[in-house]
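# Structural characterization, general
Here are the chains, one letter per residue:
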Amino acid sequence: MHTVAHLGLGNRGRAHADVFVRMSDRFRLVGLCDLDRAKLRAYAAEKGLASEMLYADVDTMLAKTRPDVFSFTTQPAVRLPLVELAVKHGVKGLALEKPMATSIQEAWAMTKLCRENGIKAVVSTQHKYLTSLQQLKALCDAGEIGQILQITTSSQAWMAHLGSHYVDYMLWANNGARAKWVVGHVHGRAYLQDSHPAPEYALGHAEFENGVRGFFQWGKLAPSYMPPTSLWIDNRLTVYGTHGHVWADTNGRWGAFTKSSNGACIGEEGEPWSRQADQRAQPLYARDFADWLDDDAKIHPCNIDLAYHGHEILEAVCISAMHQKRVDLPLDPDACEDILSVMREHLPDCPQRPGAAPAV
Ligand SMILES: NC(=O)c1ccc[n+]([C@@H]2O[C@H](COP(=O)([O-])OP(=O)(O)OC[C@H]3O[C@@H](n4cnc5c(N)ncnc54)[C@H](O)[C@@H]3O)[C@@H](O)[C@H]2O)c1
């Protein structure tokens, strides 16, 4: 049983808090914090939580509750100071949202703090627990597509939203192998000032240390597999091997040609995202977090080290595009410029395609 103090009751933060409340055999929610007191009171009333558990100030919450786990769900600009508070208050576990940061320096500082202080930290790339992605991984692990040669991923939403998810799924499908180099293209200024700042479209290619090639696309020019209204769930991960290939979508569908399918395409529509997100993906993500907290050997598949490498790859795509060169990894965060500022200064205006998502 792990005590948890949670910060953030936006749409996404509620999903995290809900699971901590529901999984009372693994977690005990001891504190809840949001700057918005109306949200706090409404949530507490809905869940029957005691008013003594509610805080508007996070430092006070952590000092009073001394939780095992600090979970925070905030906009991307609010990250490092909260990780510093986690260190100050000696938590054992930390749960935060993607994208893990808005700069490589911040992402590295967070990762380093967790490593140096023995904090088990997870970044919420929970699509791994969807049945479609689980099926993809199971077929790969069973050798059903032979040796992995190439992995592709595409998302209609831009890099800071779904790129941070799907680069992580590429790493996961490739069993955590690190990228050696990255090349990339980026364009479009529309989202550079967004809460999730990134170019409108990004295209990248990486070689991993096990020889596998990765190709990724994020933004409206990427291939689309769903109606245009499905911006956030129009994502696909595909793994090609020596003996077949398998693909998985966020909305439950998967398909494959495998050794055993003898030339036939197998697959299923699966349960849609709306039925899996809170009922399946979130609880399984939290269960694995509790398991890791209980047992050092059960390292969470969404651990911060993997997330940091994903962040490095996203950053490298942008650096490569802006400087027209191959970028070798690992990056030296101290030697990296603020690539968002570079893009804001130098990327030309780009007319949006009809149907492109509005800036939010
Ligand atoms: N993993 C996923 O599937 C998924 C899905 C949606 C959103 N997200 C991510 O979740 C994150 C949050 O999204 P959201 O839509 O819930 O954001 P939001 O802005 O709606 O909610 C953030 C909440 O945090 C509170 N807050 C911020 N700073 C605080 C502080 N210092 N002290 C106390 N409260 C504070 C705000 O008052 C707000 O209620 C984003 O990074 C987003 O990308 C992830």
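Residues numbered from 1 in each chain as written. Predicted model: local features only at pLDDT ≥ 70, side-chain atom pairs only at ≥ 80, totals over all residues.

Glancing now at the nonpolar core. Residues Leu-94, Leu-136, Met-170, Ala-173, Leu-237, Val-246 and Val-317 are the most contacted members of the largest nonpolar core, which totals 105 residues. Contact partners of Leu-94, with chain neighbours within four places excluded, come to Phe-70, Val-83, Ala-86, Cys-114, Ile-119 and Ala-121. (Core = buried A, V, L, I, M, F, W, Y, C linked by C-beta atoms within 7 Å. Buried ≥ 20, exposed ≤ 12 C-beta atoms within 10 Å, placed from the backbone. Contact = placed C-beta atoms within 7 Å.)

As summarised here, the arrangement of the nine strands in space is β14-β13-β12-β11-β7-β10-β9-β8-β15, forming an open sheet in which the pairing is mixed. At either end of the open sheet lies a strand with only one pairing partner, and these are β14 (266–268) and β15 (327–328). Packed onto the sheet, helix α7 (residues 159–173) meets β7 (148–155), β9 (201–208), β10 (213–218) and β11 (235–241) and runs at close to 165° relative to β7. (Pairing = 2+ DSSP bridges. Helix = DSSP H or I, 4+ residues; strand = E, 2+ residues; numbered from the N terminus. Axes fitted to C-alpha atoms, helices over the stretch in contact; angles between N-to-C directions.)

Now for the domain arrangement of the protein chain. Per the domain assignment, the segments making up the protein chain are domain 1 (2–126 + 293–301) and domain 2 (128–292 + 302–360). Just the C-alpha atoms count here: the centres of domain 1 and domain 2 sit 25 Å apart. Taken residue by residue, the interface counts 37 residues in domain 1 and 37 residues in domain 2. At six residues, helix α5 (residues 104–116) tops the list of elements feeding residues into the side of domain 1 that touches domain 2. Counted by class, the side of domain 1 that touches domain 2 contains 19 nonpolar, eleven polar and seven charged residues. (Domains from an automatic or database assignment. Nonpolar A, V, L, I, M, F, W, Y, C, P; charged D, E, K, R; others polar.)

Here α5 crosses helix α9 (residues 304–323) at 165°, and the two axes come no closer than 10 Å. Classified by the angle between their axes, α5 and α9 sit roughly antiparallel to one another. In this structure, α5 crosses over α9, and the sense of that crossing is left-handed. Between α5 and α9, the residues in contact are Ile-104, Ala-107, Trp-108, Thr-111 and Cys-114 and Ile-304, Asp-305, Tyr-308, His-311, Glu-312 and Glu-315, respectively. The class makeup of the residues in the contact of α5 with α9 is six nonpolar, two polar and three charged. (Parallel < 35°, antiparallel > 145°, perpendicular 65-115°, else oblique. Left-handed = near helix turned anticlockwise from the far one by under 90°.)

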